[in-house]
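Each chain, written out:
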Amino acid sequence: MALNFTLDQQDLATQARAGRLTTRHGEVSTPAFMPVGTQAAVKTLTPDELSAAGADILLANTYHLFLRPGVETVRALGGLHRFMGWPRAILTDSGGFQVLSLAKLRKVTDEGVEFRSHLDGSRHLLTPEDAIRVQDGLDTDIAMSFDEPVEMPADPAVVRKAADRTVRWAERGLVERDRLRAEGRGAMALFGINQGGVDPGERARCFERIGTMPFDGFALGGLWVGEERALSLDMVEHDCGLFPVQQPRYLMGVGHPVDLLDAVARGVDMFDCVLPTRNARRGTVFISTGRLVVKNSGYARDQRPLDPACDCYTCRNFTRAYVRHLFASGELLGMRLASIHAVHQMIGLAREARQAVLDRRFAAFRTTFIERFRSGETLARPEDDPIPAPTRKGPTDDVE
Ligand SMILES: [Zn+2]
């Protein structure tokens, strides 16, 4: 069995769930926030720091690793876990989203996606079968089916066509995994992705077929891509109502604390997003009382930690004044300290949500958290000028 999912508790007042995923590299408790290790690294952080933040699973991007260093190199070096020194679980995305957002001159056909690398312009073809083979070569624990995301807003006909293609590609990916398994490979779990934009009918039509396929879990695709938030949450509720209760549900690309809790309340188990760490490297972090812009001059002599309610390494040891100074001086340690807090904060939030479900108090926990998050307590006034952001692209500001 590639993956085992145990539901420990289901909330009575909401659809929130507490569960555990058993992978080939340890147990993952859910709800789970997965930090994003785009190119086999969560920018600026070591595996030890990620473990200390409570991470039991990371996400890595297939598209990036496919282009550099290449799957054969990772395989020769013992697989992704050994290559990046991370012994716990890894989920890889299918590459589809990055191909469509980063690659040049891409052409989507029924066969797959033809594109030019954003690194050197080299020409590649990524098919649904390739996406499965590459993820298997990386030795991931959870692979994602190759889907065709749609840029929003999109014409209904375009959404429908992409959903149909996603279904056919899902079938081909499963066939490829079976073929790999016949060769003694393909041990990874595989999740299907539901598409259909923000049209409930289209999403239901897509899942009518995806839902009958032998996937180990299901993801909600094509949401949080620019549409209205209330509409996205409606789609989450809609999809979770269709997805099987006994399998994990993964909402891709969501990383705002309030969005996370609102989606947990609708039945989602897993999340990933570059937002918390990307913002942290630019000097903005979420804390329990809102969004803290470290560079704000109001913190120049602030002796409190970034979040007085947080027990991460950064908040236990450093003041806002110091972290602000690091950003003002262009010291890389500022990015690291902010990233440590950001990862700890999101993983901690998912953990607290889990505990609240287990204790049968999730609805109250969510209300209290959101009220406090919107309070802005201890935050400097927004009119205090932040230091102008450097215009030059920083070394850790690479594509994601
Ligand atoms: Zn902290």
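Just so you know, these numbers come straight off a predicted model, no measurement behind them.

Asks: Explain the overall build of the chain to me, and be specific about the residues and the numbers.
Replies: Within the chain, the regular secondary structure consists of 15 helices and 17 strands. Here the chain has a C-alpha radius of gyration of 21 Å; the compact-globule value for 400 residues is 21 Å, and the two agree. Expressed as lengths along the three principal axes of its C-alpha atoms, the size of the chain is roughly 60 × 50 × 40 Å. By the burial criterion, 56% of the 400 residues in the chain qualify as buried. For the chain, contacts bridging at least 24 residues in sequence account for 68% of all contacts bridging at least 6. Each charge sign in the chain was given a centre, from 50 positive and 53 negative side chains, and these centres are 3 Å apart.

Asks: Any details on the nonpolar core? Residues and values, ideally.
Replies: The biggest cluster of nonpolar side chains holds 79 residues, and the ones touching the most others in it are Leu80, Phe115, Leu251, Phe271 and Phe362. For this core, the element with the highest residue contribution is helix H14 (residues 332–358), accounting for 9 residues. In contact with Phe362, not counting residues within four places along its chain, are Asp11, Thr14, Ala16, Leu261, Val264, Ala265, Ala353, Ala356 and Val357. Listed in part, the 21 residues of the second largest apolar core include Ala32, Met34, Ile57 and Ala189.

Asks: Outline the side chain of Asp269, supporting the account with residue identities and numerical values.
Replies: Topologically, Asp269 is positioned in the loop between helix H10 (257–264) and strand E15 (270–272). Given the relative accessible area of 0%, Asp269 is considered buried. Here the side chain of Asp269 touches Arg17 through a polar contact of 2.9 Å, side chain to side chain. One polar contact links the side chain of Asp269 to the main-chain amide nitrogen of Arg249, over a distance of 2.9 Å. Beyond its immediate stretch of four places on either side in the chain, Asp269 contacts Phe5, Arg17, Thr30, Pro31, Ala32, Gln247, Pro248 and Arg249.

Asks: Which residues make up the coordination of the zinc ion, and what values go with them?
Replies: The zinc ion binds to the protein through Cys310 (SG), Cys312 (SG), Cys315 (SG) and His341 (ND1), with metal-donor distances spanning 2.1 to 2.3 Å. Classification of the site at the zinc ion as tetrahedral follows from its 4 donor atoms and the range of 103 to 120° in their angles at the metal. Read in sequence order, the donor residues coordinating the zinc ion give the pattern C-x1-C-x2-C-x25-H. Here Cys315, found in helix H12 (residues 313–317), pairs with His341, found in helix H14; they are 26 residues apart in sequence, far enough to count as distant.

Asks: If you had to explain unusual backbone geometry to someone new, which residues and values would you point to?
Replies: Trans peptide bonds make up the majority, and among non-glycine residues the majority have a negative phi. Following Thr30, the chain continues into Pro31 via a peptide bond in cis, with omega recorded as 0°. When you line up the elements, Pro31 lands in the loop between strand E3 (26–30) and strand E4 (32–34). Between Arg68 and Pro69 the backbone carries a cis peptide bond, its omega angle lying at 10°. By the secondary structure assignment, Pro69 is in the loop between helix H2 (62–67) and helix H3 (71–76). Of note, the phi angle at Trp224 is positive, near 55°, even though the residue is not glycine. Tracing the backbone through its elements, the reader meets Trp224 in the loop between strand E13 (217–220) and helix H9 (229–242). With a relative accessible area of 21%, Trp224 lands in the partly exposed category.

Asks: Account for the sheet that holds strand E8 (residues 104–108), naming residues and giving values.
Replies: Reading across from one edge, E8-E9-E10 is the order of the 3 strands in this open sheet, with antiparallel pairing throughout. In the strand order of this sheet, the two ends are held by E8 and strand E10 (123–126), each with one partner. Averaged over all pairs of adjacent strands, the angle between strand axes in this sheet comes to 15°, irrespective of strand direction. Pairing between strand E9 (residues 113–116) and E10: 4 bridges, direction antiparallel. If you follow Arg116 over to E10, its bridge partner there is Arg123.

Asks: Quick one: what's the story with the pattern of salt bridges, residue by residue and with numbers?
Replies: With the rule as written, the count across this model stands at 36 salt bridges. A salt bridge links Arg266 to Glu237; its shortest N-O distance comes to 3.6 Å. Taken as a pair, Arg266 in the loop between H10 and E15 and Glu237 in helix H9 lie far apart in primary sequence, 29 residues in all. Taking the relative accessible area as the measure of exposure, Glu237 reaches 47% and is therefore partly exposed.

Here is what the cut-offs are and how they apply
- Residues numbered from 1 in each chain as written.
- Predicted model: local features only at pLDDT ≥ 70, side-chain atom pairs only at ≥ 80, totals over all residues.
- Heavy atoms only, no water.
- Helix = DSSP H or I, 4+ residues; strand = E, 2+ residues; numbered from the N terminus.
- Rg over C-alpha atoms; globule rule 2.2 N^0.38 Å.
- Buried < 20%, exposed > 50% of the residue type's maximum accessible area, 1.4 Å probe, protein only.
- Contact = heavy atoms within 4.5 Å.
- Lys, Arg positive; Asp, Glu negative; His and termini not counted.
- Charge placed at Lys NZ, Arg CZ, Asp CG, Glu CD.
- Core = buried A, V, L, I, M, F, W, Y, C linked by side-chain atoms within 4.5 Å.
- Polar contact = N/O pair within 3.5 Å; in protein donor to acceptor, adjacent residues only side chain to side chain.
- Donors = N, O, S within 2.8 Å, 3.2 Å for Na, K, Ca; no water.
- Tetrahedral: all angles 85-135°; square planar, octahedral: opposite > 155°, others 65-115°.
- Pairing = 2+ DSSP bridges.
- Axes fitted to C-alpha atoms, helices over the stretch in contact; angles between N-to-C directions.
- Salt bridge = Lys/Arg side-chain N within 4 Å of Asp/Glu carboxyl O.

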